[in-house]
Amino acid sequence: MALSPAVTTLSENANEVFLDVAKLLLTYADNILRYPNEEKYRSIRIGNPTFSTKLLPIKGAVECLFEMGFEEAETHLMFPRSASVEQLKLIRDSIAAERDQRLRGGQPVQPIAQVVAPSTSASASALPSSTASVLPSSSSSVPESSVAASSQPVTPAQSQPSSLENSMSFFLTLQSNFQHVMLYENPELQQKARSHIPHQQLSSAAEHKLKEAKEADQDCKLGIEDFLVLELLRWFKQDFFSWVDCLPCSQCKGSTRNAMPALSPTPDDIRWGAQRVENHYCQSCKLSTRFPRYNNPEKLLETRRGRCGEWANCFTLCCRALGLEARYIWDSTDHVWTEIYSLSQRRWLHCDSCEKGCDNPLLYEAGWGKKLAYVLAFSKDQVVDVTWRYSCKHSEVLSRRTRVQEAWLLHTITGLNASRQQSLSPDRKKELTERLLVELVEFISPKKPKPGDLGGRNSGSLAWRIARGETRKADAGTSTQATGYVFTPTEKEKSDGLLHVRYNVTEDQYCRVSNNSEVIQSWDQCVWSKESVFRKVEDDWQMVYIARTEGSSVGKICWKFDFAPVGMKITSFSIKASSQTFHSGKVCWHLQAGQSTTEFSGDGKMHSFQSLSGSSEVIVVAELGGGEEDTSWQHSQLFRQSLKEKESSFEICIHLEDA
């Protein structure tokens with residue numbers, strides 16, 4: 001039996017190592033084959049000690065799981081209902097055949113009877129010495145993926161990730177993306193994509209524009225594929241795909257908001273790669289509209305909507321369907337896009353379908369203000385670390401690359417590429433090597449931003465872009481001016497002499513208690529000004545809070561109360577605010593009234609300030625700063641609480657009288 005690339009790689013391990021991991025892989029496969037209707041056997045918890053210590057470090061092991069049909073979810077590897085059982089059995093039998101040959105006498109071994117349940121918690125064992133070079137040392141510095149509340153005991157499930165866990169998580173990201181791009185090579189799927197694309201129309205337009213370019217410049221070095229890419233970008237954004245912030249209400253067609261908790265995926269959702277289903281909630285109808293985040297490009301050809309993940313996923317497929325050499329680009333700071341290889345220019349071109357942008361790679365760092373760390377390119381033939389194409393601040397980027405050791409990353413990428421390229425011809429391997437050398441030369445010298453690189457993000461609503469810190473400076477300034485909210489008393493509040501407001505971060509809504517319990521959705525709708533802050537929901541930790549945008553050194557929020565327009569002044573002022581800090585993070589709360597500034601504690605208790613009596617205006621200010629390494633943005637938080645809690649985390653009560 002011919003071995004698959006993953007099983008071939010697995011077979012390169014020492015005999016004892018191979019036999020140990022083969023036993024585990026066969027157990028996972030046999031459990032599914034024996035119990036096809038038992039969901040618990042279709043998932044492998046990434047944090048499982050057996051998986052993380054006996055399987056993950058072994059070269060070829062996780063690749064075998066992906067070849068079987070497993071896919072990456074947030075905390076597990078999943079064998080979806082849509083996966084091919086025949087493919088699973090093929091890889092399983094290939095491993096078993098290799099195992100049988102290694103055993104004494106080559107006698108076949110009966111199928112394994114052991115069942116590994118999802119709750120397996122075998123004790124961790126020492127890693128084989130043959131794998132030591134693949135793993136970073138335990139003393140390497142790594143960021144924290146999440147921060148537990150310091151006032152609560154930390155359970156083992158919520159312990160801080162170790163160096164091994166960071167490497168494991170990063171490896172799974174690499175492997176998952178590398179496996180996913182193979183979907184784009186499916187001839188039937190490419191044909192389905194071509195059926196949606198007006199190929200002749202786009203080709204004719206590209207030929208016409210190439211002719212015009214040649215006439216205008218006799219030395220024009222561009223080729224037909226360069227103009228075809230531009231036409232495809234235009235068609236995809238203007239005519240084919242649509243952006244989704246929140247879907248309209250399925251009943252009243254009014255606006256909704258992305259609410260928590262998220263909704264459970266159906267078997268059909270999971271079939272199309274939607275492990276996460278957003279809850280787009282209508283406050284008027286009290287109804288939820290489901291928004292599955294599909295990850296299968298075949299389904300996206302049908303739905304034709306989403307955010308950057310869906311856009312880049314479907315657009316890369318369309319590029320491959322037209323014969324363009326394309327690769328999927330993953331950015332660790334939460335964005336994805338595409339690169340196209342230009343045969344005429346002999347280089348890779350940045351293409352962002354959300355922005356209809358081509359060949360302006362510094363857009364994210366120089367235009368959106370992203371603090372880049374890892375940008376990786378995935379194609380059918382190789383993985384390439386292309387971070388340096390997208391940065392003009394190489395030293396800053398290097399200082400943020402602390403998730404894994406650089407030697408480990410290089411070693412891992414080299415291993416993945418060697419495995420994938422085993423079946424390539426010598427000419428193709430030579431071509432890929434030559435291209436990579438050209439890229440490495442390009443990466444040596446940081447570029448200077450061009451005017452086209454400096455624009456802010458266009459895709460998504462202004463509020464969404466501002467929350468992510470990805471706007472033009474003009475956008476940000478306009479936003480502060482246009483959406484700046486000032487609390488002034490309503491007629492009822494004037495007559496009652498009371499303005500009472502509460503904010504609940506879990507429900508993400510303000511309740512103006514003193515005005516017939518009026519509800520205002522979204523934390524930023526009642527903010528006077530803000531700088532580099534957003535609301536963060538941690539689905540895995542089931543926590544929510546407001547923090548600085550990633551990479552920001554400081555963040556700030558202000559709420560303004562003005563009573564002068566209605567001829568009133570403060571008689572008493574009380575406020576409750578909660579904030580938490582971790583490591584060297586800092587949060588400073590203070591009140592501004594005229595020239596006076598008063599600090600107060602964000603300890604979650606109500607504090608009264610008689611010193612504000614007589615004032616007609618007050619501004620509540622929260623400033624966030626400090627923290628360590630590239631997770632410093634998480635080390636100062638406002639209103640942190642469990643998604644299960646309903647208590648208000650911010651409350652202001654102001655008694656008033658006529659001035």
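Below you will find a few notes about this structure. (Residues numbered from 1 in each chain as written. Predicted model: local features only at pLDDT ≥ 70, side-chain atom pairs only at ≥ 80, totals over all residues. Heavy atoms only, no water.)

**Some remarks on the sheet that holds strand β5 (residues 257–263)**
- One open sheet accounts for 3 strands, arranged β5-β6-β7; its pairing is antiparallel. The open sheet has two free edges, formed respectively by β5 and β7 (287–292), since each of these has just one partner strand. Put simply, the sheet's adjacent strands are angled 40° from each other on average, direction ignored.
- The sheet contact formed by β5 and strand β6 (residues 277–282) spans 4 bridges and is antiparallel. When the bridges of β6 are listed, L263 appears paired with V277. (Pairing = 2+ DSSP bridges. Helix = DSSP H or I, 4+ residues; strand = E, 2+ residues; numbered from the N terminus. Axes fitted to C-alpha atoms, helices over the stretch in contact; angles between N-to-C directions.)

**Some details on the packing of aromatic side chains**
- Evaluation of the coordinates by the stated rule reveals 32 aromatic pairs.
- Ring geometry for Y503 against F639: centres 5.7 Å apart, planes inclined by 55°, an arrangement best described as tilted. Of the two residues, Y503 is situated in strand β16 (residues 498–504) and F639 in strand β28 (residues 636–642); the sequence distance between them amounts to 136 residues. The burial state of Y503 is the same as that of F639; both residues are buried.
- Taken together, the ring pairs connect Y503, Y510, W559, W589, F600, F609, F639 and F650 into an aromatic cluster.
- When the ring centre of Y294 is taken as reference, the NZ or CZ atom of K299 above it lies at 5.4 Å.
- Note that R435 overlies the ring of Y341, its terminal NZ or CZ placed 3.7 Å from the centroid. (Phe/Tyr/Trp six-rings, centres within 6.5 Å; stacked < 30°, edge-to-face > 60°. Buried < 20%, exposed > 50% of the residue type's maximum accessible area, 1.4 Å probe, protein only. Lys NZ or Arg CZ within 6 Å of the ring centre and 35° of its normal.)

**Quick word on the sheet that holds strand β11 (residues 347–352)**
- Spatially, the 6 strands line up as an open sheet ordered β12-β11-β10-β9-β13-β14, and their pairing is antiparallel. The two strands at the open ends of the sheet, each matched to only one other strand, are β12 (357–358) and β14 (383–385).
- In the sheet, β11 pairs with β12 via 2 bridges, with the strands oriented antiparallel. By the bridge assignment for β12, C351 is matched with C358.

**Points about the pairing of strand β27 (residues 617–625)**
- Counting buried positions along β27 yields 7 of 9 residues, so the element is predominantly enclosed.
- Bridge count for strand β22 (residues 555–562) against β27 is 8 bridges, and the pairing is antiparallel. Counterpart to K560 in the pairing with β27 is I619.
- Looking at chain direction, strand β24 (residues 586–593) and β27 are connected through 7 bridges and run antiparallel. By the bridge assignment, C588 is partnered in β27 with E623.

**Focus: the packing of helix α2 (residues 15–34) against helix α4 (residues 61–68)**
- Contact geometry of α2 with α4 gives a least axis separation of 11 Å together with a crossing angle of 20°. Our classification of the angle between α2 and α4 gives roughly parallel. Considering the relative orientation of α2 and α4, their crossing is right-handed. Where α2 approaches α4, its residues V21, L25, Y28 and A29 are matched on the opposing element by A61, C64, L65 and M68.
- Among the residues making up the contact of α2 with α4, the classes are represented as 8 nonpolar, no polar and no charged. (Parallel < 35°, antiparallel > 145°, perpendicular 65-115°, else oblique. Left-handed = near helix turned anticlockwise from the far one by under 90°. Contact = heavy atoms within 4.5 Å. Nonpolar A, V, L, I, M, F, W, Y, C, P; charged D, E, K, R; others polar.)

**A look at helix α8 (residues 199–216)**
- Along its 18 residues, α8 runs 26 Å from first to last C-alpha, staying within 8% of the 26 Å computed at 1.5 Å per residue.
- All of the buried residues in α8 are L202, S203, A206, L210 and A213. Take α8 and look down its axis: the buried residues cluster within an arc of 95°, on one side only. In α8, the exposed positions that point more than 90 degrees away from the buried face belong to Q200, Q201, K211, E215 and A216.
- In this structure, the buried side of α8 is in contact with α9 (224–240). (Expected span 1.5 Å × (residues − 1). Arc of directions from axis to C-beta.)

**Observations concerning the pattern of salt bridges**
- In total, this model carries 45 salt bridges according to the counting rule given.
- For E185, the salt bridge is made with R320, and the minimal N-O distance between the two is 2.8 Å. Within this pair, whereas E185 is found in the loop between α6 (163–180) and α7 (187–194), its partner R320 is found in helix α12 (residues 308–321), the two being separated by 135 residues in sequence.
- On the basis of relative accessibility, which here comes to 14%, the residue R320 falls in the buried class.
- Linking D496 and K492 is a salt bridge whose minimum nitrogen-to-oxygen distance equals 2.7 Å. On the criterion of helical spacing, the pair formed by D496 and K492 is a turn pair, its members being 4 residues apart in helix α19 (residues 491–496).
- On the basis of relative accessibility, which here comes to 46%, the residue D496 falls in the partly exposed class.
- You can call K492 partly exposed: its relative accessible area is 32%.
- Residues joined by salt bridges that share partners form a network here, namely E325, K380, D381, R428, E431 and R435. (Salt bridge = Lys/Arg side-chain N within 4 Å of Asp/Glu carboxyl O.)

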